Amino acid sequence: MAGHAVEHDYHLIPPSPWPFLSGIAALVWGVGMVVFFAGLVPRTGESPMLEFFFSKGLDSLQDSYRAAGDKVGADGGWIILVVGTLFAAYVMYGWWKDVAAESKAGDHTPVVDIGLRYGMIMFIMQEAMFFVGWFWMFFELGLFHKMRAAWNPDVLENADEYATSMAPGIKGVDPWNLPLMNTVILLLSGTTVTWAHHALIHGDRRGAKWGLGLTVLLGILFTFVQGYEYLELFHERTEGHPWISTDAFGSAFFMATGFHGLHVLIGTIFLAIMYLRLVKGGLRPEKHFGLEAAAWYWHFVDVVWLFLFAFVYIIFAVGM
Amino acid sequence: MRSKNTILALVVALVLAVASYVILAFVGLSGERGEGMAVRGGFYLQEAATPVMEDLTTVYNLVTYIIAGIVAFVLGLMAYIMIRYREKANPVPSKTSHNTLIEVVWTIVPVLILLVIAVPSMQLLYFQDRIPETEVTVKAVGNTWNWEYSYPDHEDVDSFVSNPLDKTQSTDAGKPYLFATDAALVVPVNTKVKVLVTSVNNMHSWTVPSFGIKMDAVPGIINETWFEVYEEGTYYGQCSEICGIKHYYMPIEVEVVSKEAYAAWIANGGSFDGSVAENNNMTGVQTAAAPK
Amino acid sequence: MVAIPESEVPAEGGYDDDGKPGFFARWFYSTNHKDIGTLYLIFGIISGLIGGFLSFMMRMELAEPGIQFFTNEHQYLVYVSMHGLIMIFFMVMPALIGGFGNWFVPIMVGAPDMAFPRMNNLSFWLLPTALICLLISFVVPGNANGNGFGGSWVMYPPLSTTGHPGPAFDFIIIGLLAAGFSSIFGAINFITTILNMRAPGMTMHKMPLFAWAVLVTAFLLLLALPVLAAALFMLFTDRIAGGTGFFDPARGGDPQMFQHLFWFFGHPEVYIMILPAFGIVSHIVSTFSKKPIFGYLGMAYAMVAIGVVGFVVWAHHMYTVGMDVNLKAYFLAATLVIAVPTGVKIFSWLATMWGGSIRFTIPMQWALAFIFLFVVGGVTGVMLANAGVDAYLHDTYYVVAHFHYVLSMGAVFGIFAGFYYWFGKMFGVMYNKFLAAAHFWLFFIGVNVIFFPQHFLGLNGMPRRYVDYPEEFAIWNSVSSMGAWITLAGVAFFFAMLIEAFIVRRRVGDNYWGEGATTLEWTLSSPPPYHQFNTLPRIEDNAEH
Ligand code: HEA
Ligand code: HEA
Ligand code: CUA
Ligand SMILES: [Cu+2]
């Protein structure tokens, strides 16, 4: 670049296509979400554009809305969603590849490195507030169910039962079974990732690989156990096990654990990328912020799980 | 020199503050006040019909005086500063940027002012919210888009739906359009009445300004409030929580009658003279005006 | 570095001799905080036009009783909802935080760019995505009554769940999530830039107030927006057939819980919109009084206090939902507290002017109007804070008057003040004083005529979000609508000013405001070089703020 010589250590980045493409990917993905989950059907025939793009034709939805209050999913919504997801994945791949290359090229000077740390801390704070929302919802349901039962017996189905339990007729998930196992898995993975980190610092790349590899495996294992638990609940949902749509407890249970699961998945991918970089010879003992960030994130996911385990599983089982 | 400026500025500001009180006293707070409903071009609270609304008016007046004073004070000060310290009048700016005393003052004084507001405001809040022993209980259920009233203590009074009157109907009835309904809630005068408010679908808000009442109707929750009206008459309000397209078209009409008339109304199963015709008439209007 | 001859650079991705890339790379792939700031400003102006158009249609509808302009009531509610959302998320926030924040925070703290230049551009490009989602929502079904979402910007269920089964509201959810992520990334960027990239000698207590304002704002965004995201997800899954039942009372859910989550975000949000304006006004007042800001530390920490207390007052928007009376009393008291630090700011501005040598330039006029009108809006907020009185005023036009005084006159006046203050700095040319003055006066008179009478409407009992109203409210509504015409004329002069300035191109120097302008942006050329501070500035110990 022209102009004066640069005399500072900050990292100025040349123009990059990824942000702009991310915006487009987000648009495709978002439209896909709506079309997939909600359907997208013009109510009247006034818009030929919409008619052209969306498959359901022009029958007026008025009556079906009135009758069912339900939405009609459009065929083919999943295609948009998949395209959006692949697009987003491609953009992320390209973006992170650039970052890794810059890191290798030495653009991440000490001051830039500190900036990255600030950035990661802020990002984790943001994630924590996201979970505050879900826990708040859960606690509200758990603490005030008696009041709601008293408020309006006509509207609340099983109002009497709600007066004694936040989720009438629902046997909570037994915390000392799969959830306990998952707790152990996550706690263990917290130690393996620390092992990997220390090993890397001490130049023991073999140990680092083992630690990180194990962490990734434990992360995958967690996801499997969680998925298995969901499946089991799905099969037994009629027999007094919670399910997402049975009542508000089921909703809170599945959305909170589900979003946690999503974060486990993200964390696992994050760690897996670090593993690949490690195997390919990246990540130096003195400079490996990527790994540290992944570890921070992983610990955060761990802590959220402990809260879930304590409140959503144990306390509910004991009775809330 | 300095202190003279300060004094002058304060005087200007205070004069403006006092002037605003005078204006408020003559214009604002003495606006024409209708009975039980909004007035044409009105710019003041509706006339109080209940003790809560009376207290509310007092607190409103107090706060209005205070905030009008603050606004006038700031305006006066600004006017003074803008004139006195314009570039022409004061070519060489001073360099002061600290004065601990004044900074403490302008932190403490607002605190004191806020205390003056908070005390009566809290009293009002608790008076309004703590429901006293009531003699009559009515229930208002919000529905898209009308109110359904019932008298839980009187099983032989059927619950009834209160629909808005359309333009011609209200003109015929000699009632204000968008306030008038085909079936008012009937309550006795000088009696403490408890209102239970809830909804069966979207949220609504049961509101009668001259009672000082606004209570949200939320599905799954029964809210309670109370009122005691001083004078017989008809009082109007409008739904005050967005509830869909006819949000503007689900008014509230409360007819406050003498205790005897109320007793008769109850005895007749929700009709003043026992004529079934009145009820039929209501039902007829209901179907005609039902906005669904 | 070596300058590449023009002929040898490829059309795309090449650099001119100022280091600027070619057109497409420069504006679409940008990683330059000033260019991104400009994009944000353009975006804000476009959204302002859309939001202004919607509000103008609303005012025309309300000019007299009856339903005249809109084909049905649903459409009116759609306009109200979209007006609120677009003005807040797509006009004020992009202009103040994205626009001026991007342009001037790095310069003021003496940094060459933002901490994460690429993520900065991501923040921007999520916004057009979000706006497109909102615009799509206009033309897809909302419910059986028509297209679009008519459940107000507060989106309370059940009206936003079972009340709007069509995809219109799903698009709004997606749009707001995108806008939310945009702001979260922006917040991370600002915090990191401010904490990590201050020039040597620029301690936190020497940092200009605008940077302080953006720092506090960024923290509010970071902590408040994720909660909104969670609430929006809950709405989304509640809306899916066979989905969750968070807000469905029949399944043990609680519709009021959404209000808590929303206002836990929503109240910090209102300070998010006003704090950057506070920062801008501080600079302008100090510049044109030719005096350093009075009580700098008090000013900075007042903003911190507003930010902190702002997180614990949210339920003053919910006094009528049937909360426990002790809770109401708590929220009453906590809300009143905010008047104290805000008062500190007002009085410090006045004290800054005291003893100064005041020049009434266009930005100074906006700033002075801001101070006064913000006080008017602020004190009506204090009125609303009284839970008892709010039982009368809640959801009436008194509230509408309150928040337009702090928003349409507070935040928007802050935007225009900053726009005129930095216009020459950003674009290198000076505006035409007559056109700018006409813009100011028409706007000033217009918005006051629109919104002052709305206090009267509220006191008289007129509820919000009404497409039609009884005759009793006709007089003040028609006055209010006349004000909308005046404001419209003001907006026209704004655009005339813009066009004229870019045609005539009156060049300005580095520090065209002279003596009082002391922050770092005035040491740079106008417009600043494509990359400033290749050699970092050094802040002396005795330097003023
Ligand atoms: C920029 C946006 C902004 C700002 C800064 C504020 C500032 C304040 N707001 Fe406002 N408010 C909104 C935007 C804003 N608000 C919006 C958008 C809504 C409606 C949302 C909706 O429902 O759609 C709303 C609604 C709203 C309500 C709910 C009303 C209702 O729905 O019933 C309340 C109630 O307490 C309230 C209070 C306050 C208070 C106390 C302040 C304080 O911060 C004000 C402090 C300032 C001053 C007080 C003036 C200066 C001080 C002095 C000169 C010192 C001396 C003063 C005293 C001693 C009093 N606001
Ligand atoms: C920042 C927020 C903002 C702004 C600026 C405005 C501006 C205006 N608003 Fe609005 N309004 C809201 C936020 C805002 N409003 C909200 C949140 C609601 C509640 C919605 C709800 O109930 O859900 C509301 C509701 C509302 C109502 C109540 C509707 C009802 O309840 O039925 C009315 C009625 O008159 C109204 C009118 C107006 C008018 C005439 C203006 C005029 O001032 C408009 C004039 C035009 C402008 C001010 C735009 C100029 C700006 C630019 C061109 C951009 C410049 C940018 C740069 C220089 C970078 N608004
Ligand atoms: Cu019912 Cu609004
Ligand atoms: Cu608020």
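This text follows the structure it describes.
1. Some thoughts on the overall build of chain A
Each helix and strand in chain A was counted, giving 11 helices and zero strands. Long-range contacts, defined as pairs at least 24 residues apart, comprise 74% of the intrachain contacts of chain A with a sequence gap of at least 6. Accessible area of chain A: about 15300 Å², with a carbon and sulfur share of 69%.

2. Structural notes on the interface of chain C and chain B
Contact residues are listed per partner, giving 90 residues for chain C and 89 residues for chain B. Overall, the association of chain C and chain B removes approximately 7600 Å² of surface from exposure, summing both partners, and the carbon and sulfur fraction of that is 68%. If you sort the residues of chain C by the area they bury against chain B, Trp354, Tyr392 and Glu472 of chain C come out on top, with a joint share of 10%. At the boundary of chain C with chain B, the tally comes to four salt bridges. The shortest N-O distance in the salt bridge between lysine 328 of chain C and aspartate 129 of chain B comes to 2.7 Å. Along the contact surface separating chain C from chain B lie 30 residue pairs in polar contact (both at pLDDT 80 or more). Put simply, the parts of the chain that give the side of chain C that touches chain B at least two residues each are α3 (73-108), α7 (255-289), α9 (325-337), α10 (339-353), α11 (362-385), α12 (387-393), α14 (433-459) and α15 (474-504) of chain C. Broken down by class, the residue content of the side of chain C that touches chain B amounts to 53 nonpolar, 24 polar and 13 charged.

3. A look at the sheet that holds strand β3 (residues 160-162) of chain B
Residue and element names in this part refer to chain B. If you walk across this open sheet you meet the five strands as β3-β2-β1-β5-β8, and the pairing is mixed. Sheet topology places β3 and β8 (223-227) at the edges, where each strand pairs with a single neighbour. Direction aside, neighbouring strands of the sheet carry axes that sit 30° apart on average.

4. Let's talk about unusual backbone geometry
All names here are of chain C. The peptide bond linking proline 157 to proline 158 adopts the cis configuration, its omega dihedral lying at 5°. Looking at where proline 158 falls in the secondary structure, it is placed in the loop between β2 (146-147) and α5 (167-196). Its identity as a non-glycine residue notwithstanding, methionine 155 has a phi of 55°, on the positive side. Tracing the backbone shows methionine 155 in the loop between β2 and α5. A positive phi angle, close to 55°, is found at aspartate 395, a residue other than glycine. One can find aspartate 395 in the loop between α12 and α13 (397-427).

5. Points about the site of ligand 1
Close to ligand 1 lie 31 residues, the nearest being Trp153, Tyr271, Asp390, His394 and His402 of chain C. Mapping the residues adjacent to ligand 1 onto the chains of the assembly identifies chains B and C. In this structure, an oxygen atom belonging to ligand 1 sits 2.8 Å away from a side-chain N or O atom of tryptophan 153 of chain C. In the model, an oxygen atom of ligand 1 is placed 2.7 Å from a nitrogen or oxygen of the aspartate 390 of chain C side chain. Sorting the residues of the shell around ligand 1 by element identifies α7, α10, α11 and α13 of chain C as the ones contributing at least two each.

6. Some details on the coordination of the copper ion (ligand 4)
All names here are of chain C. In the first shell of the copper ion (ligand 4), the protein supplies His267 (ND1), His316 (NE2) and His317 (NE2), at 1.9 to 2.1 Å from the metal. The sequence motif formed by the donor residues of the copper ion (ligand 4) is H-x48-H-H. Take histidine 267: its relative accessible area is 4%, and that puts it in the buried class.

7. Digging into the packing of aromatic side chains
Under the definition given, this model contains 120 aromatic pairs over all chains. Residues phenylalanine 222 of chain A and tryptophan 305 of chain A carry aromatic rings whose centres are separated by 5.0 Å and whose planes lie at 90° to one another, so their mutual orientation is edge-to-face. One end of the pair, phenylalanine 222 of chain A, is in helix α9 (residues 205-235); the other, tryptophan 305 of chain A, is in helix α11 (residues 289-318), and 83 residues separate them in sequence. No difference in accessibility class separates phenylalanine 222 of chain A from tryptophan 305 of chain A, as the two residues are buried. Between phenylalanine 247 of chain C and phenylalanine 258 of chain C the ring centres are 5.6 Å apart and the planes differ by 85°, which places this aromatic pair in the edge-to-face class. Here phenylalanine 247 of chain C is found in the loop between α6 (209-239) and α7, whereas its partner phenylalanine 258 of chain C is found in helix α7, with 11 residues between them in sequence. Accessibility assignment for this pair places phenylalanine 247 of chain C and phenylalanine 258 of chain C in one class, buried.

8. Structural notes on the coordination of the iron atom of ligand 2
Residue and element names in this part refer to chain C. Here the iron atom of ligand 2 is held by the protein donor atoms His83 (NE2) and His404 (NE2), which lie 2.0 Å from it. One can describe the donor arrangement at the iron atom of ligand 2 as octahedral, given that its six donor atoms subtend angles of 87 to 180° at the metal. Separated by 321 residues along the polypeptide, histidine 83 in helix α3 and histidine 404 in helix α13 bring together distant segments of the chain. Comparing histidine 83 with histidine 404, the two get one shared label, buried.

9. Remarks on the nonpolar core
Grouped together as the largest cluster of nonpolar side chains are 381 residues, with contacts concentrated most on Trp206 of chain B together with Phe100 of chain C. Excluding residues that lie within four positions of it along the chain, phenylalanine 100 of chain C makes contacts with Leu41, Ala95, Val105, Phe210, Ile280, Ile415, Gly418, Phe419, Trp422 and Met426 of chain C.

10. What to know about the packing of α3 of chain C against helix α4 (residues 117-139) of chain C
Residue and element names in this part refer to chain C. In the contact formed by α3 and α4, the axes pass within 12 Å of each other and the chain directions differ by 170°. Between α3 and α4, the angle falls in the class roughly antiparallel. You can see that α3 and α4 cross each other, and the crossing is left-handed. Packed against α3, whose contacting residues are Val78, Tyr79, Met82, Leu85, Ile86, Phe89, Phe90, Pro94 and Asn102, the element α4 presents Asn120, Leu127, Ala130, Leu131, Leu134, Ser137 and Phe138 at the interface. Across the contact of α3 with α4, the residue classes break down as 13 nonpolar, three polar and no charged.

11. Quick word on the sheet that holds strand β4 (residues 185-188) of chain B
Residue and element names in this part refer to chain B. As summarised here, the arrangement of the three strands in space is β4-β10-β9, forming an open sheet in which the pairing is mixed. The open sheet is flanked by β4 and β9 (233-238), the only strands paired with a single partner. Recorded for the sheet is a direction-independent mean angle of 25° between the axes of neighbouring strands. Across four bridges, β4 lies against strand β10 (residues 251-257) in parallel orientation. If you follow valine 187 over to β10, its bridge partner there is valine 256. On top of the sheet, helix α5 (residues 259-267) reaches β4 and β10; it is set at about 130° to β4, its chief contact.

Reading the values: rules and limits
- Residues numbered from 1 in each chain as written.
- Chains lettered and ligands numbered in written order.
- Predicted model: local features only at pLDDT ≥ 70, side-chain atom pairs only at ≥ 80, totals over all residues.
- Heavy atoms only, no water.
- Helix = DSSP H or I, 4+ residues; strand = E, 2+ residues; numbered from the N terminus.
- Contact = heavy atoms within 4.5 Å.
- Areas by Shrake-Rupley, 256 points an atom, 1.4 Å probe, with all protein chains shown as cover.
- Buried area = accessible area lost by both parts, 1.4 Å probe.
- Salt bridge = Lys/Arg side-chain N within 4 Å of Asp/Glu carboxyl O.
- Polar contact = N/O pair within 3.5 Å; in protein donor to acceptor, adjacent residues only side chain to side chain.
- Nonpolar A, V, L, I, M, F, W, Y, C, P; charged D, E, K, R; others polar.
- Pairing = 2+ DSSP bridges.
- Axes fitted to C-alpha atoms, helices over the stretch in contact; angles between N-to-C directions.
- Near = heavy atom within 4 Å.
- Donors = N, O, S within 2.8 Å, 3.2 Å for Na, K, Ca; no water.
- Buried < 20%, exposed > 50% of the residue type's maximum accessible area, 1.4 Å probe, protein only.
- Phe/Tyr/Trp six-rings, centres within 6.5 Å; stacked < 30°, edge-to-face > 60°.
- Tetrahedral: all angles 85-135°; square planar, octahedral: opposite > 155°, others 65-115°.
- Core = buried A, V, L, I, M, F, W, Y, C linked by side-chain atoms within 4.5 Å.
- Parallel < 35°, antiparallel > 145°, perpendicular 65-115°, else oblique.
- Left-handed = near helix turned anticlockwise from the far one by under 90°.

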